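A structural walkthrough
Residue-level listing of the chains:
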Amino acid sequence: MTKRILFVFTSANQTLTGASTGWYLPEAAHPYYVLAPHFIVDFASPAGPNPPVDEYSIQTFPDDVGKFLENSEVQKKLSTAKKLSEVNPDDYDAIFYVGGHGPVLDLAVDPVNIQLASKFYRAGKLVAAVCHGPAALVGVTDEFGKSIFAGKPVTGFSNVEEEQVNKVKDVPFLLEDKISSLGGKYEKAAEPWGPKVVVAGNLITGQNPASGHPIGEAILQALQK
């Protein structure tokens, strides 16, 4: 039977400073290109249909506009995205969190999301996230009530990268600091913006936009085992 993956997008469209945000185009597009030929991919967000895409990411990654955003199959998935509250974890083999600054604002504190991701993790299903996507997992716990980051190698958007895009004031916490405070062993690429993917059992994390394709490959490999 074909395996199913749930891509989770933010519903947040504004940062703490009022700047526009959303989900980051290549962090959905690049893993999707890798995974869609092999698996059934569904989309979901806290508010359901048409999660907001970060405008800056559209300008920065124009190649993904035609290939992903204007793809009729993708448009249908976005316009019919499920609400997280409607998702049954039993229907899926993996959950993947797309980045963008949005997840730090809504998914990090969304009780429905925290419960959903915890169910995936506790059932031994694959839990993956890229860039700011791991922010969606900061409240997620294992069956003993411990953070799923505790004692594990984990990556996500670095403090240096956040400073370089001048967005420190836009978010309620810095992801690198938060991962470390939860007991995670934070890892990053040798240089800012370099690709970095870390596999720790059924938890897979990617650092930044450049990690979109590599995390897709890591998810593919894990699900084909």
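Residues numbered from 1 in each chain as written. Predicted model: local features only at pLDDT ≥ 70, side-chain atom pairs only at ≥ 80, totals over all residues. Heavy atoms only, no water.

A short note on the layout of surface pockets
- Approximately 320 Å³ is the volume found for the largest pocket.
- Residue classes in the lining of the largest pocket are distributed as 8 nonpolar, 6 polar and 3 charged. (1 Å grid on protein atoms, 1.4 Å probe; cavity = no way out; pocket = protein on both sides within 12 Å on 5 of 7 lines; lining within 4 Å. Points joined across faces, edges and corners; volume = space filled by probe spheres on them. Nonpolar A, V, L, I, M, F, W, Y, C, P; charged D, E, K, R; others polar.)

Side note on the packing of aromatic side chains
- Counted under the stated rule, the structure contains 11 aromatic pairs.
- Between the aromatic rings of Y32 and F68, the centroid separation amounts to 5.3 Å while the plane-to-plane angle is 75 degrees, which identifies the pairing as edge-to-face. With Y32 in helix α1 (residues 25-35) and F68 in helix α3 (residues 63-69), the pair connects residues that are 36 residues apart, well separated along the chain.
- The exposure class of Y32 is buried, given its relative accessible area of 8%.
- The exposure class assigned to F68 is buried, which follows from its relative accessible area of 0%.
- If you follow K67 out to its NZ or CZ, it ends over the ring of Y33, 4.1 Å from the centre. (Phe/Tyr/Trp six-rings, centres within 6.5 Å; stacked < 30°, edge-to-face > 60°. Helix = DSSP H or I, 4+ residues; strand = E, 2+ residues; numbered from the N terminus. Buried < 20%, exposed > 50% of the residue type's maximum accessible area, 1.4 Å probe, protein only. Lys NZ or Arg CZ within 6 Å of the ring centre and 35° of its normal.)

Section: the pattern of salt bridges
- Evaluated as defined, the whole model comprises 3 salt bridges.
- Between D42 and R4 there is a salt bridge, with its nearest N and O atoms 3.0 Å apart. Here D42, found in strand β2 (residues 40-45), pairs with R4, found in strand β1 (residues 4-8); they are 38 residues apart in sequence, far enough to count as distant.
- Residue D42 is classed as buried on the basis of its relative accessible area of 13%.
- One salt bridge in this structure joins E187 and K196, with 3.6 Å as the shortest N-O distance. (Salt bridge = Lys/Arg side-chain N within 4 Å of Asp/Glu carboxyl O.)

Looking at the sheet that holds strand β9 (residues 203-206)
- The strand order across the open sheet formed by 7 strands is β3-β2-β1-β4-β5-β9-β8, and the pairing between neighbours is mixed. The open sheet has two edge strands with one neighbour each: β3 (82-83) and β8 (197-200).
- In this sheet, β2 lies alongside β1 in parallel orientation, the contact comprising 5 bridges. Within the sheet, the bridge partner assigned to R4 lies in β2 and is I40.
- Most of the contacts of helix α6 (residues 111-122) go to strand β4 (residues 94-97), to which it runs at about 135 degrees, and overall it touches β1, β4, β5 (126-130) and β9. (Pairing = 2+ DSSP bridges. Contact = heavy atoms within 4.5 Å. Axes fitted to C-alpha atoms, helices over the stretch in contact; angles between N-to-C directions.)

Section: the pairing of β5
- Counting buried positions over the 5 residues of β5 gives 5, a clear majority of the element.
- Bridging between β4 and β5 involves 4 bridges; their strand directions are parallel. Pairing of I95 across the sheet is with V127, part of β5.
- Summarising the sheet, β5 and β9 pair through 4 bridges and their orientation is parallel.

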